[in-house]
Every structure is written in C-alpha cells, then in structure tokens.
Amino acid sequence: PSAVDDPLNETPLRTALAIAHALIEKPAPWWIVTRGAISVADNDAVPQLAAAGLWGFARTVVQEHPELNVRRLDLDPTTDTATFSKHLVSELTSPSTEDQLAWRGTSRYAARLVSANAPEPAGNFQVSPDRTVLVVGGLGGLGLSLAHWLAERGAKHVVLASRRPPTASAQAEIKRLEVVGLTVRTMQLDVASSVDVTRVLADIATTGPQLGGIIHAAGVLDDGSLQQLNWSRFQPVLAPKVSGAWQLHHQTLGQSLDFFVFFSSSTALLGTPGQANHAAANAWLDALAQHRRAAGLPAVSINWGPWAEIGAAARRGVAEHARRHG
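If you're wondering where the values come from, they're calculated on a predicted model, not measured in any experiment.

Q: Go over helix H5 (residues 168-179), please, and point to the residues and values.
A: In this model, H5 (12 residues) spans 17 Å end to end at C-alpha, consistent with the 16 Å of a helix rising 1.5 Å per residue. Considered for burial, the residues of H5 that qualify are Ala170, Glu173, Ile174 and Leu177. Down the axis, H5 shows its buried residues gathered within 105° of arc, on one side only. Turned more than 90 degrees away from the buried face of H5, the exposed residues are Ala168, Ser169, Lys175 and Val179. Contacts made by the buried residues of H5 are with helix H4 (141-152), strand E6 (157-162) and strand E7 (183-188). Positive phi appears at Gly181, one or two residues downstream of H5, with a value of about 100°.

Take a look at the structure:
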C-alpha cells in the first residue's frame, strides 16, 4: 500500500513476525523485499510507509538469530515491472554477502555506517516566543527536561500533553518552569487516538498562541525475545510511534510549523536484542520524517541511545539497557 492509501497497514509487519516465528523453529535463509520503504538520498521520498518498519524489525532479527541470514532489499518504487524483476532476480542469484541493499534507477546501494558532518549545534535552535510548542509525552522526565530546554531557547508557551494527568512531582517542576517565564498548559492526550489529537489541536488553535512546533517524545516499551513477542505485544509499542505520529502529521498538514521533531531510537538503525517491536516502530518514525522532508515539510527524527537519568531506560536500569544496546 502507498502512504496515501494506507500508511498504517499492519499486514507487512504482522506477516513478518509470523514468518520469523516459523523460521526460528526451522531456520532457512530469508529475504525481505520492499519497494520504496527506505530513503537512500536526502530527497528520496518514502511512499511505502506501511513497509518501513520491516527494516527496523529485521535489524533486531539479525541480532537475535544470525542463523536466519536475513537479507533486506529495497527496490525503486518508480521503475517499471520489468526493471523491478530484473533487479530482484539479480540479487536473489548473486553471491554477494551484502545484507542491506537498495536500487535506485541503475544504481545499487549498500548500507554503511560512516561519520557524517554534524548539523548546526543545538544552541542555534531558537523557538518563536509568539507561538506554542506542543510536547507529546510532556509530563514524564524527558518531556519536563525538554520544557526547560525550550525555555532556554526562547519558548514562552508550551503545552505538555500526556496520557495521564501530572503527578505531584511534575506539578512542582511545572511551577519551576513558570518561575522562569514559561506559560505551561497540561492536557491529557492519547496520541494514537485521532479524536484526542483533534481535540488538543483545536484547543491550541482556539486559545492560542498559534501552534509553531511539535516534539513527539511519547513511547512505550515492552521488551522480549522474538519467541516471546506476539502481535498483542507489538500493538501497544507501535501505537504512539506509528498511529500517533501519523495523526500529528496528518492533522497539521494545513499548518505552517517551524519544526516537527520525532524522538526515535538507535534500535531502528542498529537493532537491539529483545526490542523487535521498538525497532520496527522507530524505523517507521524515521521513514515518516523522510516522507515529510521530501514533501517540503519540516521534520527531524533523532535516533537516541538510552538516556542515563530519565526515560524508560533509566527506569529499567541503564546498565542493563546499555548492555543490550552495545
């Protein structure tokens, strides 16, 4: 399916999970073939968002079960059927040991992890004092830390949205934010719910100031080995990252935003044993950011490692989390 038709189609990922369970019992080499599910160049659109999570999922399968020899191939979504078939047959019959490949036109690409020039320092990031910043997942330690960071960069109006109301410690932190001149509003939001997202965006539009930026930092962890993970343990992890990010994207298409930031994970790029669901969700998030940029919309997706003192990794014990991340 295309991003326009059904970007949230769960069939590719759900099918891949079932195949993984079968192959763990009876190992065999496995090819995962997609068409336009990843970006290769900066201007490379990602039309097949529904399949994007397969790449993050596969990177974890490789970590947990190297005996399956999982190879991934993304074919050019703009080529005709004959060219598509030619490249597919070429790869299937090739002795190459490359396991992450993409074709774009007549060019063949293989994945490499290389050093890149750093973007502008974060200190150069400025927020308009006359616009509102929406922080999703804003009442946890990460969201509250972000609110301080935003205040230091010029923000004056922040909405901290979360599934649950603020705790006593969060309320105390909000008072400290207000002391430094930040106007803070809290709102309950299940970001995976289109109704909730509509309500929150409408409230911001009505009460003002105008929405200027979104930071989507919400997430859920439910770790387990591939044998332990069934689809019911994928869905709660996918919901805030996939459905939630799509709702925020789709419902703000008519608005001129200064920035739209997704909090992704290094698991999407490198894979992590025990986090196939988390890796898939974040790979989808990365693809949505690329999809937005190709459409001329602001987006950045940050592939964080584990946080030392805040967030889910800290709650579970950063040493154990870091051991599995490498």
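Q: Could you give me a rundown of the sheet that holds strand E3 (residues 100-104), with the residues and numbers involved?
A: Here 4 strands make up an open sheet; going across it, the order is E1-E2-E3-E4 and the pairing mixed. Lying at the two open borders of the sheet, with one neighbouring strand each, are strand E1 (30-35) and strand E4 (107-110). The sheet shows a mean angle of 20° between the axes of neighbouring strands, taken without regard to direction. With 3 bridges connecting them, strand E2 (residues 70-75) and E3 associate as parallel partners. For Leu73, the partnering residue across the bridge sits in E3 and is Leu101.

Q: Describe in detail the packing of aromatic side chains, supporting the description with residues and values.
A: On inspection of all chains with the given rule, the structure shows 7 aromatic pairs. Arranged with centres 5.0 Å apart and planes meeting at 70°, the rings of Phe125 and Phe259 form a pair that is edge-to-face. Pair noted here: Phe125 is in the loop between E4 and strand E5 (132-136) and Phe259 is in strand E9 (residues 259-265), with a separation of 134 residues, a long-range link. On the basis of relative accessibility, which here comes to 24%, the residue Phe125 falls in the partly exposed class. Where Trp231 meets Phe234, the ring centres are 5.4 Å apart and the plane angle is 15°; that geometry is what we call stacked.

Q: How would you summarise the nonpolar core if you had to cite specific residues and measurements?
A: In terms of nonpolar packing, the biggest core is built from 58 residues, with Leu13, Trp30, Phe57, Leu134, Phe234, Leu248 and Trp284 touching the most fellow members. The contacts of Leu134, once residues within four sequence positions are left out, are Val159, Ala161, Val200, Leu201, Ile204, Leu211, Gly213, Ile214, Ile215 and Leu248. Counting residues in hydrophobic clusters, the runner-up holds 22 residues, among them Val133, Leu142, Val158 and Leu160.

Q: So what's going on with the packing of helix H1 (residues 11-25) against helix H7 (residues 231-251)? Which residues, and what values?
A: Direction vectors running N to C along H1 and H7 enclose 140°, while the axes themselves pass 11 Å from each other. The two elements H1 and H7 meet at a crossing, and its hand is right-handed. Touching Leu13, Arg14 and Leu17 of H1 are Trp231, Phe234 and Leu238, all from H7.

Q: Let's hear about the packing of H1 against helix H2 (residues 49-64): which residues, and what values?
A: Where H1 contacts H2, the axes come no closer than 8 Å and their chain directions differ by 35°. Contacts between H1 and H2 involve Pro12, Leu13, Ala16, Leu17 and Ala20 from the first element and Ala50, Ala51, Gly53, Leu54 and Phe57 from the second. Per-class residue counts for the contact of H1 with H2 are 9 nonpolar, 1 polar and no charged.

Q: Any chance you could break down the pairing of E2 for me, citing the residues and the numbers?
A: Successive side chains on a regular strand alternate, one facing one side of the sheet and the next facing the other. When you tally the buried positions in E2, you get 6 out of 6 residues, the bulk of the element. On E2, burial covers both faces: Val70, Arg72 and Asp74 on one face and Arg71, Leu73 and Leu75 on the other are all buried. On the question of chirality, the crossover connecting E1 to the parallel E2 by way of H2 is right-handed. Crossover connection from E2 via helix H3 (residues 81-92) to parallel E3: handedness left-handed.

Q: Now, about a nonpolar patch on the surface: what can you tell me, with residues and values included?
A: A surface patch of nonpolar side chains, amounting to about 330 Å² of accessible area, comprises Leu113, Leu269 and Leu270. Examined against the element boundaries, Leu270 turns out to sit in helix H8 (residues 267-270). Note on Leu270: relative accessible area 44%, which makes it partly exposed.

The rules we used
- Residues numbered from 1 in each chain as written.
- Predicted model: local features only at pLDDT ≥ 70, side-chain atom pairs only at ≥ 80, totals over all residues.
- Heavy atoms only, no water.
- Helix = DSSP H or I, 4+ residues; strand = E, 2+ residues; numbered from the N terminus.
- Expected span 1.5 Å × (residues − 1).
- Buried < 20%, exposed > 50% of the residue type's maximum accessible area, 1.4 Å probe, protein only.
- Arc of directions from axis to C-beta.
- Contact = heavy atoms within 4.5 Å.
- Pairing = 2+ DSSP bridges.
- Axes fitted to C-alpha atoms, helices over the stretch in contact; angles between N-to-C directions.
- Phe/Tyr/Trp six-rings, centres within 6.5 Å; stacked < 30°, edge-to-face > 60°.
- Core = buried A, V, L, I, M, F, W, Y, C linked by side-chain atoms within 4.5 Å.
- Left-handed = near helix turned anticlockwise from the far one by under 90°.
- Nonpolar A, V, L, I, M, F, W, Y, C, P; charged D, E, K, R; others polar.
- Right-handed = clockwise from strand over helix to strand, strands pointing away.
- Patch = residues over 30% accessible without salt bridge, like charges linked within 9 Å, V, L, I, M, F, W, Y side chains within 5 Å.
- Areas by Shrake-Rupley, 256 points an atom, 1.4 Å probe, with all protein chains shown as cover.
- Salt bridge = Lys/Arg side-chain N within 4 Å of Asp/Glu carboxyl O.

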